[in-house]
Amino acid sequence: MSISDHALDIDFPQFKSRILDLRKNDPAFRQLSDDYDRLDKKIRGLEVREVPTDDQHFSTLKMERASLKDRLYQQLAKGA
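The paragraphs below set out a description of the structure included in this document. (Residues numbered from 1 in each chain as written. Predicted model: local features only at pLDDT ≥ 70, side-chain atom pairs only at ≥ 80, totals over all residues. Heavy atoms only, no water.)

## Here's the deal with helix 3 (residues 27–49)
Step number 1: If you check helix 3, its first and last C-alpha atoms are 33 Å apart, about what 23 residues at 1.5 Å a residue would give, namely 33 Å.
Step number 2: Of the positions making up helix 3, those classed as buried are Phe29, Leu32, Ser33, Tyr36, Leu39, Asp40, Ile43, Arg44, Gly45, Leu46 and Glu47.
Step number 3: Buried residues belonging to helix 3 abut helix 1 (8–11), helix 2 (16–25) and helix 4 (55–78).
Step number 4: With a side-chain oxygen positioned 3.0 Å from the backbone nitrogen of Ala28, the residue opening helix 3 is Asp26.
Step number 5: Downstream of helix 3 by a residue or two, Glu50 has a phi angle that is positive, lying close to 50 degrees. (Helix = DSSP H or I, 4+ residues; strand = E, 2+ residues; numbered from the N terminus. Expected span 1.5 Å × (residues − 1). Buried < 20%, exposed > 50% of the residue type's maximum accessible area, 1.4 Å probe, protein only. Contact = heavy atoms within 4.5 Å. Polar contact = N/O pair within 3.5 Å; in protein donor to acceptor, adjacent residues only side chain to side chain.)

## Side note on helix 4
An α-helical segment advances 3.6 residues per turn. Residues three or four places apart therefore align on the same side.
Step number 1: Relative to the 34 Å expected for 24 residues at 1.5 Å per residue, helix 4 spans 35 Å between its end C-alpha atoms, a close match to the ideal helical length.
Step number 2: Among the residues of helix 4, those classed as buried are Phe58, Leu61, Arg65, Leu68, Lys69, Leu72 and Leu76.
Step number 3: For helix 4, the elements touching its buried residues are helix 1, helix 2 and helix 3.

## What to know about the packing of aromatic side chains
Step number 1: For the coordinates displayed, the defined rule picks out three aromatic pairs.
Step number 2: An angle of 70 degrees between the planes, with centres 5.9 Å apart, marks the rings of Phe15 and Tyr73 as edge-to-face. Linking Phe15 in the loop between helix 1 and helix 2 with Tyr73 in helix 4, this pair joins segments that are 58 residues apart in sequence.
Step number 3: Here the aromatic residues Phe12, Phe15 and Tyr73 are joined through ring pairs into a cluster of three or more. (Phe/Tyr/Trp six-rings, centres within 6.5 Å; stacked < 30°, edge-to-face > 60°.)

## Some details on the nonpolar core
Taken as a class, soluble globular proteins show a tendency for nonpolar side chains to be buried jointly.
Step number 1: In this structure, Leu8, Ile19, Phe29, Leu72 and Leu76 are the most contacted members of the largest nonpolar core, which totals 16 residues.
Step number 2: Secondary structure elements with two or more residues in this core: helix 2, helix 3 and helix 4.
Step number 3: Top element by residues in this core is helix 3. It accounts for six residues.
Step number 4: Not counting residues up to four positions away in its chain, the partners in contact with Ile19 are Leu8, Asp9, Phe12, Phe29 and Leu76. (Core = buried A, V, L, I, M, F, W, Y, C linked by side-chain atoms within 4.5 Å.)

## Focus: the packing of helix 2 against helix 3
Step number 1: Where helix 2 contacts helix 3, the two axes come as close as 6 Å, and the packing angle between them is 110 degrees. It follows from the interaxial angle that helix 2 and helix 3 lie roughly perpendicular. For the pair helix 2 and helix 3, the crossing hand works out as left-handed. On the side of helix 2, the interface is formed by Ile19, Leu22, Arg23, Lys24 and Asn25, while helix 3 contributes Pro27, Phe29, Arg30, Ser33 and Asp34.
Step number 2: Its residues assigned to classes, the contact of helix 2 with helix 3 comprises four nonpolar, two polar and four charged. (Axes fitted to C-alpha atoms, helices over the stretch in contact; angles between N-to-C directions. Parallel < 35°, antiparallel > 145°, perpendicular 65-115°, else oblique. Left-handed = near helix turned anticlockwise from the far one by under 90°. Nonpolar A, V, L, I, M, F, W, Y, C, P; charged D, E, K, R; others polar.)

Right, here's the structure in full:
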């Protein structure tokens, strides 16, 4: 199984410089981005190590990641 890295700069390469700028200058964006990164690493860690977890728990984590990504994208797209 291929484990995808969902880092913001990988999923949104068109916003790479905006991501850096917002992380530097917007504390709320930086916090949300940090939360997203931690959750993405947690999900990938579970996948890589094949840690037993029930489907509902795993689906909940992925839905939370998608929600955070949507919120971050909205902020990125505002200034585009």
